[in-house]
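# Structural characterization, general
The primary structure of each chain is shown beneath.
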Amino acid sequence: MGNAGTIEGTVKDSSGAVVPKATVTIRNAVTSFTRAATTGDDGAFRFNGVPQNPYHLEVTAVGFDAYSSDVTVRSSVPVQVKATLAVAGSNTSVTVEAAGADLLETEPSAHTDVDRSLISKIPAVDPGAGLSEAIVYNTGGVAADANGAFHPLGDHAQVSFVIDGQPISDQQSKVFSTQLPTNAIQSMELDTGAPNAEFGDKTSLVAQITTRSGLGVAKPFGSVETAYGSFGTVEGSASLGFGGAKYGNFLSLDGTRSGRFLDSPEFTPFHDVGNNQTVFDRVDLMPNGTDAIHLNLFTARNWIQIPNAYDQLAQDQRQRVLTWSFAPGYQHTFGAHALLTMNPYVRKDEFSYYGSRDPLQDTPATQSQARQLLNWGLRSDLAVTHGRHNIKVGIDLKQTRLREDFSFGITDPTLAADPSLAPYDLVNGGHLFQFHGTGNINQYAGYAQDAITLGNFLVSVGLRLDRYAGLSTANAAEPRAAVSYHIKPTGTVLRVSYTRSLETPFNENLLLSSATGQGGLAANVFGASSVPVPPGRRNQFNTGFQQSLGRHLLLDADYFWKYTDGGFDFSTLLNTTITFPVSWSKSKLDGLTGRLSTANLGGFQAYWTFGHTRARYFPPEVGGLISQGAELGTGVFRIDHDQAFQSTATFRYQHKHAEWIDLTWRYDSGMVVSGVPDVAAALALTAAQQVTIGFACNGVTATYAAPITACSGLGTSKLLTLPQTGQENDDLNPNRVKPRHVFNLGIGTDNLTHTEKPTRITASVDIANLTNEVALYNFLSTFSGTHFLQPRTVIARIGLSF
């Protein structure tokens, strides 16, 4: 379902008789995606849910020579294969290995393919955020942030997920919602280049996810696993898949509890217990050869303590997120060249934030919230292959229903210095601000696209028509065009593209943020200056290449330029997890993303992803409430997800499908710190905040008892670059988090007892932040707050698979 394809066919001998019980295998040399099937009595085989990639197909049967061919899946229309086997001994035996041509993809848009075999062994530990980790560790150009958030190609979380055809463009990090567990994922295609016309809303990264299925399996499969580790972390998961040629069911149950559930504002976590539970069930029906039905059911819950800084140890703030989703899908095949897909869906997030029982224990403000986000819609398309054309036309219709209840009161009188905030000063007789709002966001889109093969050229053209009708309205016609050229003698693919897109505002807290007007709450009495956060209009240009380096290496690189009228971000409310969308007049983003990959070399596989981003934003701002730290200037500035360079190197070896080791090396040069621009701003910090960043003047370090209030010499920070007073420039020399190197290590086995039986014991140990690096994601950020990377974390797992 979704954009995943199908490979089907029949195996016959040279006389034309069908060959039953033949083994058919498909494999991609880069992603390690591998599937095997056995032909039935009619000689037929079928692979469902195959990512759009090139594959090497092999057929073996007793008494026959092996048959092999290359098959490329370019659309959701089934690919037909007719394999003819020769009698054993009539052909010369050939050993087939991965060649440079097997590694290349001629698609004109940059993307990364990630199979379950790569996801399952990533040695990273972030409770409730495994999907985010899988994306960050496999995609170049993505800057990692706290709590499962990430910034693709200079944008703040402008990500669309398409799960078995169900589009989700709302926030998926764990402080906003709940994530699909990686235990339920079969494969992902992570698109960071030019998006096809079928994709809209948020297009910096499109994650096309195919879930696991029981359709077509010969025997039941599954696993049971438990884990225990640092910070009292306890995990448990179970999965079960079963079915046959016409029916399949896959069920996944996952849960975790940790004493460090969120990334905390101190290296040592305080008040940071959280738990997460998810249930995912996929049901498949294929009553005949032309119709296929599936149903995805998902429900999940996060319950989280809000971690405290040293200045807020008395606080007892908490939050809860509940999610459920109902997403059926239907496909009908017309002959061998057309496929109709329909994906209706309904999904709901309920977010609740609770202040302390005694509001005055919260500092510098107390707040509570109950908001709901429900979206329902239909995504449907008709895919047709005809000669050199791969055509798709479709619609994307949805409504998002918003409800927001919010209360706010100030407990630190210094925050109420602004006259517009004085009525909410609880210490001096003020009252809570109360907000209630409801609203609907209606979106209608139609699209048409065609991928045309012209010799060594692949030309992709498309047009998307969008109508956005919410608190603001916009219409857009969005042409898309991309071209790739395959230079076969050198194993090179060159590509270039243009995209016009309508980028939509974040829905989370959109009602209240749009009611505060330009400058946020601090500059407006609520509702007195209402300016809705508008959609943005973007022109995007990409150019890149793929190059096979010998038979086993593949280099993929892409450069992007994105110019947007209306650039989006979130404004974090003080020291909470409550955020409000903001829009800037415009943004200019450019940078590089790339990946160097090996094929599987006798169990060894490695890849290196890398990226550079320059993210420049231009005032004025619309939306937001009250942020932490110093106010932004009035000119162009580098937003907090601007990062000069980030990279991930992963080295993995597995011995004969049993023992394995996985080492990752993550480097981040440091994102922009907007809340503390220079030494002068650091002097205004509290003693605890100065200790947190290791602030010093002329070599004398601040302490809890002796903060630094004046510095006539050299001011420094252990964790921030911290320009000297008067030397900071919001665009050319902003304050940044210092560079960091983080190593993660995983060691395990998929067959502890080396048994030949299908039921096997698995065991592993993951160590995140192996060297216990002390580092920040950000500090007093206007857009994300203060968060440390996790200290060294060890998780031991043991399980049973069958």
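Cut-offs applied
Residues numbered from 1 in each chain as written. Predicted model: local features only at pLDDT ≥ 70, side-chain atom pairs only at ≥ 80, totals over all residues. Heavy atoms only, no water. Pairing = 2+ DSSP bridges. Helix = DSSP H or I, 4+ residues; strand = E, 2+ residues; numbered from the N terminus. Phe/Tyr/Trp six-rings, centres within 6.5 Å; stacked < 30°, edge-to-face > 60°. Buried < 20%, exposed > 50% of the residue type's maximum accessible area, 1.4 Å probe, protein only. Lys NZ or Arg CZ within 6 Å of the ring centre and 35° of its normal. Disulfide = S-S within 2.5 Å. pLDDT = per-residue confidence, 0-100. Contact = heavy atoms within 4.5 Å. Salt bridge = Lys/Arg side-chain N within 4 Å of Asp/Glu carboxyl O. Patch = residues over 30% accessible without salt bridge, like charges linked within 9 Å, V, L, I, M, F, W, Y side chains within 5 Å. Areas by Shrake-Rupley, 256 points an atom, 1.4 Å probe, with all protein chains shown as cover. Axes fitted to C-alpha atoms, helices over the stretch in contact; angles between N-to-C directions. Polar contact = N/O pair within 3.5 Å; in protein donor to acceptor, adjacent residues only side chain to side chain.

## Here we look at the sheet that holds strand 38 (residues 715–717)
If you trace the 3 strands from one edge of the open sheet to the other, you get 37-36-38, paired in antiparallel fashion. Because the sheet does not close on itself, it has two edges, and the strands there are strand 37 (700–701) and strand 38.

## What about the packing of aromatic side chains?
Counted under the stated rule, the structure contains 21 aromatic pairs. Taken together, a centroid distance of 6.2 Å and an interplanar angle of 65° make the contact between Phe-506 and Phe-568 edge-to-face. Pair noted here: Phe-506 is in the loop between strand 27 (492–503) and helix 4 (510–516) and Phe-568 is in strand 30 (residues 567–572), with a separation of 62 residues, a long-range link. Pair check on accessibility: Phe-506 and Phe-568 agree, each one buried. Through successive ring pairs, a cluster of aromatic residues spans Phe-176, Phe-506, Phe-568 and Phe-570. Lying over the aromatic face of Phe-261, Lys-174 brings its terminal NZ or CZ to 4.8 Å of the ring centre. In this structure, Arg-595 is placed above the aromatic ring of Tyr-607, and the distance from its NZ or CZ to the ring centre is 4.1 Å.

## A closer look at the state of the cysteines
Taken as a whole and judged by the stated rule, the model has 1 disulfide. Disulfide pairing is shown between Cys-697 and Cys-711; the S-S distance is 2.1 Å. One disulfide, between Cys-697 and Cys-711, carries an S-S torsion of 90° and so falls in the right-handed class. Taken together, the residues span a long stretch of sequence, with Cys-697 in strand 36 (residues 695–697) and Cys-711 in the loop between strand 37 and strand 38 at a distance of 14 residues. Judged on exposure class, the residue Cys-697 and its partner Cys-711 are both buried.

## Here we look at the confidence of the model for the protein chain
Scored by pLDDT, the protein chain has a mean of 91; 95% of the residues are at 70 or more. The low-confidence segment residues 92–99, where pLDDT is below 50, has 10 contacts with residues more than four positions distant or belonging to other chains. Below pLDDT 50 for its whole length, residues 522–528 participates in 21 contacts with residues either more than four positions away or in separate chains.

## Things to note about the pairing of strand 29 (residues 553–565)
With 13 bridges connecting them, strand 28 (residues 536–549) and strand 29 associate as antiparallel partners. Looking at strand 29, one finds that Gln-546 is bridged to Asp-556. Turn length for the strand 28-strand 29 hairpin, with the two strands adjacent in sequence and antiparallel, is 3 residues, and the turn residue Gly-550 shows positive phi of about 75°. Pairing of strand 29 with strand 31 (residues 579–598), which is carried by 12 bridges, proceeds in the antiparallel orientation. Each residue of the ladder has a partner; that of Thr-564, found in strand 31, is Ser-587.

## A few points about the pattern of salt bridges
Side-chain pairing between opposite charges can occur once the charged atoms of the two side chains come close. Going through the model one piece at a time under the given rule, you end up with 33 salt bridges. In this structure, Asp-349 and Arg-347 form a salt bridge, with 3.2 Å as the shortest nitrogen-oxygen distance. With a closest N to O distance of 3.8 Å, Asp-396 and Arg-464 form a salt bridge. Here the residue Asp-396 occupies a position in strand 23 (residues 389–410), and Arg-464 occupies one in strand 25 (residues 457–469), the gap between them amounting to 68 residues. The class for Asp-396 is buried, based on a relative accessible area of 6%. With relative accessibility at 3%, the residue Arg-464 sits in the buried group. Connected via shared salt-bridge partners are Arg-616, Arg-638, Asp-642, Asp-731 and Arg-736.

## Let's talk about a nonpolar patch on the surface
A cluster of nonpolar side chains, Leu-454, Phe-457, Val-483, Tyr-485, Leu-494, Val-496 and Phe-545, forms an exposed patch at the surface whose accessible area comes to about 540 Å². Residue assignment for the nonpolar patch shows that the elements contributing at least two residues are strand 26 (473–487) and strand 27. Looking at the secondary structure, you find Phe-545 in strand 28. Take Phe-545: its relative accessible area is 31%, and that puts it in the partly exposed class.

## Quick notes on the sheet that holds strand 13 (residues 185–191)
Strand order across the open sheet formed by 5 strands is 8-13-14-11-12, with mixed pairing between neighbours. Two strands in the sheet have a free side with no partner beyond their single neighbour: strand 8 (111–115) and strand 12 (166–168). Neighbour-to-neighbour, the strand axes of this sheet turn through a mean angle of 15°, independent of strand direction. In terms of strand pairing, strand 11 (residues 159–163) meets strand 14 (residues 205–211) through 5 bridges, oriented parallel. Looking across to strand 14, one finds that Val-159 is bridged to Leu-205.

## Let's talk about the environment of Asp-201
Structurally, Asp-201 can be placed in the loop between strand 13 and strand 14. Not counting chain neighbours up to four residues away, the residues in contact with Asp-201 comprise Gln-158, Ser-160, Ser-169, Lys-398, Gln-443, Leu-502, Glu-503 and Thr-504. Engagement of the side chain of Asp-201 in a polar contact is seen with the side chain of Gln-443, the distance being 2.6 Å. Reaching out from Asp-201, the side chain makes a polar contact with the side chain of Thr-504 at a distance of 2.8 Å.

## Considerations on unusual backbone geometry
Following Thr-363, the chain continues into Pro-364 via a peptide bond in cis, with omega recorded as 5°. As for its placement among the helices and strands, Pro-364 is situated in the loop between strand 21 (338–354) and strand 22 (365–386). Cis peptide bonds are those with omega within 30 degrees of zero, and the linkage from Pro-619 to Pro-620 qualifies with 5°. Relative to the helices and strands, Pro-620 is located in strand 32 (residues 604–623).

## Quick look at the side chain of Ser-325
With respect to the helices and strands, Ser-325 occurs in strand 20 (residues 318–334). A distance of 3.1 Å separates the side chain of Ser-325 from the side chain of Gln-166, its partner in a polar contact.

## Observations concerning the environment of Ser-120
Of note, Ser-120 is situated in the loop between helix 2 (116–119) and helix 3 (130–136). Sequence separation between Ser-120 and Pro-419 is 299 residues; the distance between their C-alpha atoms is 54 Å.

## Describing the pairing of strand 17 (residues 247–258)
As paired elements, strand 16 (residues 233–243) and strand 17 share 10 bridges and run antiparallel to each other. Counted as the bridge partner of Gly-243 is Gly-248 from strand 17. Where strand 16 folds back on strand 17, the antiparallel hairpin that results is connected by 3 residues. One ladder, built from 12 bridges, connects strand 17 with strand 18 (residues 274–285); its direction is antiparallel. Looking at the pairing, Ser-252 lines up with Phe-280 of strand 18.

## Notes on the environment of Ser-239
Residue position: Ser-239 is located in strand 16. The sequence separation of Ser-239 and Gly-785 amounts to 546 residues, and the corresponding C-alpha distance is 37 Å. With residues up to four places along the chain from it excluded, the contact list for Ser-239 reads Asn-183, Arg-212, Phe-221, Gly-222, Ser-223, Phe-250, Leu-251, Ser-252 and Phe-802.

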